[in-house]
Amino acid sequence: MSNKIDHFIKSKETEILKYSPNNEFYQRIGINKKRWAQILRGQKDPTLAELTRLTNYFNVPASQLVDGI
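Because the structure is predicted, anything quoted here is derived from the model rather than measured.

A. Broad picture of the overall build of the chain. A count of helices and strands for the chain gives four helices and zero strands. The linear arrangement of helices and strands in the chain, starting from the amino end, is α-α-α-α. The C-alpha atoms of the chain give a radius of gyration of 11 Å, which matches the 11 Å a tight globule of 69 residues would have. On the principal axes, the C-alpha backbone points of the chain span a range of 30 × 25 × 25 Å. The buried share among the 69 residues of the chain stands at 30%. Across the chain, the fraction of contacts at a sequence separation of at least 24, relative to all contacts at a separation of at least 6, is 48%. Each charge class in the chain was averaged separately, 11 positive and 7 negative side chains, and the resulting centres sit 5 Å apart.

Shown next as structure tokens:
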């Protein structure tokens, strides 16, 4: 199952550079590994606070990360 956050991440990957979050990423967005995986798979929706941190981290509007905005 794909969602806009997963699609956004994959659109930024290249053949050379693959997305691989590290501990610094998880600390900066304030989401643990398990929850991040659930959000990427579309099993859980990000909270408003999580979405705000993600938009700040990726420097994109929320509409690029979630539907209905």
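Moving on from the model shown.
B. Main features of the packing of aromatic side chains. For the coordinates displayed, the defined rule picks out six aromatic pairs. For the pair F25 and W36, a centre-to-centre distance of 5.3 Å together with 70 degrees between the ring planes defines the contact as edge-to-face. On the criterion of sequence distance, the pair formed by F25 in helix α2 (residues 23–29) and W36 in helix α3 (residues 33–40) is long-range, its members being eleven residues apart. When its relative accessible area of 3% is taken as the criterion, F25 is described as buried. Judged by relative accessible area, W36 falls into the buried class, the value being 2%. Where F25 meets F58, the ring centres are 6.3 Å apart and the plane angle is 50 degrees; that geometry is what we call tilted. Placement of the pair is F25 in helix α2 and F58 in helix α4 (residues 48–58), with a sequence separation of 33 residues. Three or more aromatic residues link up through ring pairs in this structure, and these residues are F8, F25, Y26, W36, Y57 and F58.

Parameters and conventions
- Residues numbered from 1 in each chain as written.
- Predicted model: local features only at pLDDT ≥ 70, side-chain atom pairs only at ≥ 80, totals over all residues.
- Heavy atoms only, no water.
- Helix = DSSP H or I, 4+ residues; strand = E, 2+ residues; numbered from the N terminus.
- Rg over C-alpha atoms; globule rule 2.2 N^0.38 Å.
- Buried < 20%, exposed > 50% of the residue type's maximum accessible area, 1.4 Å probe, protein only.
- Contact = heavy atoms within 4.5 Å.
- Lys, Arg positive; Asp, Glu negative; His and termini not counted.
- Charge placed at Lys NZ, Arg CZ, Asp CG, Glu CD.
- Phe/Tyr/Trp six-rings, centres within 6.5 Å; stacked < 30°, edge-to-face > 60°.

The values reported here are purely geometric and, on their own, carry no functional implication.
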